[in-house]
Amino acid sequence: ARLDNKLPAVLSYFSQQSNTALRDFYIQQLGQPNSSQTRYGREHLYFTLNGNQVRVLISSRDNWRQVDVMVQN
């Protein structure tokens, strides 16, 4: 993968941490979300960071959580 400073950018990964632990991590790092909602079993957190919109999606499957972080200007 090529990493550069162009937006939009997407990062996806899997974790065995709980939904709550992942949510708390992003709130600790990015501050309180502008809004949040749960749709189709996925938690959506919306932040603003340095003038960019950041969306964090957390979904569960078996003992794993999929986390998708999207940054756009």
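Right above here is the structure, for reference.
Within each chain, residues carry numbers counting from 1 in the order of the written sequence. Only residues with pLDDT of at least 70 are given local features in this predicted model, and only at 80 or more are side-chain atom pairs given and counted; all residues enter the totals for whole chains, interfaces and linings. To get the side-chain values, all heavy atoms of the structure are used, and hydrogens and water are removed first.

Colleague: I keep staring at the environment of Gln53 and nothing clicks. Help me out?
Modeller: Note on conventions: DSSP H or I runs of at least 4 residues are helices, E runs of at least 2 residues are strands, and numbering of each starts at the N terminus. Within the secondary structure layout, Gln53 lies in strand 4 (residues 52-61). Each C-alpha atom, one on Gln53 and one on Asn73, is 6.0 Å from the other, the two residues being 20 residues apart in sequence. Two residues form a contact once any of their heavy atoms are found within 4.5 Å. For Gln53, the contacting residues outside a window of four places in its chain are Phe47, Met70, Val71 and Gln72.

Colleague: Honestly, unusual backbone geometry in this entry has me stumped. Any pointers?
Modeller: Where the residue is not glycine, phi is negative for most of them; where a peptide bond is considered, it is trans in most cases. One non-glycine residue, Asn50, lies in the positive phi region at around 55°. Residue exposure (1.4 Å probe, protein chains only): buried if accessible area is under 20% of the type maximum, exposed if over 50%, otherwise partly exposed. Judged by relative accessible area, Asn50 falls into the exposed class, the value being 73%. Located in the positive-phi region is Asp62, a residue other than glycine, with phi close to 55°. Looking at Asp62, the relative accessible area reads 73%, which means it is exposed.

Colleague: How do you make sense of the pairing of strand 2 (residues 35-39) when you look at a structure like this?
Modeller: Looking along a regular strand, one sees the side chains alternate between the two faces of the sheet. Bridge count between strand 2 and strand 3 (residues 42-49): 5 bridges; the pairing is antiparallel. Considered in strand 3, the bridge of Ser36 is made with Leu45. Between strand 2 and strand 3, which pair antiparallel in sequence order, lie 2 residues; one of them, Tyr40, sits at a positive phi of approximately 55°. Two strands form a pair only when DSSP identifies at least two bridges running between them.

Colleague: What's the story with the pairing of strand 4 in this structure? I'm lost.
Modeller: In terms of strand pairing, strand 3 meets strand 4 through 7 bridges, oriented antiparallel. Paired with Leu49 across the bridge in strand 4 is Asn52. If you look at the hairpin formed by strand 3 and strand 4, you'll find 2 residues sitting between the two strands, and Asn50 has a positive phi there, around 55°. Pairing of strand 4 with strand 5 (residues 64-72), which is carried by 9 bridges, proceeds in the antiparallel orientation. Of the residues in strand 5, the one forming a bridge with Val56 is Val69. Counted along the chain from strand 4 to the antiparallel partner strand 5, the turn is 2 residues long, and its residue Asp62 has a positive phi close to 55°.

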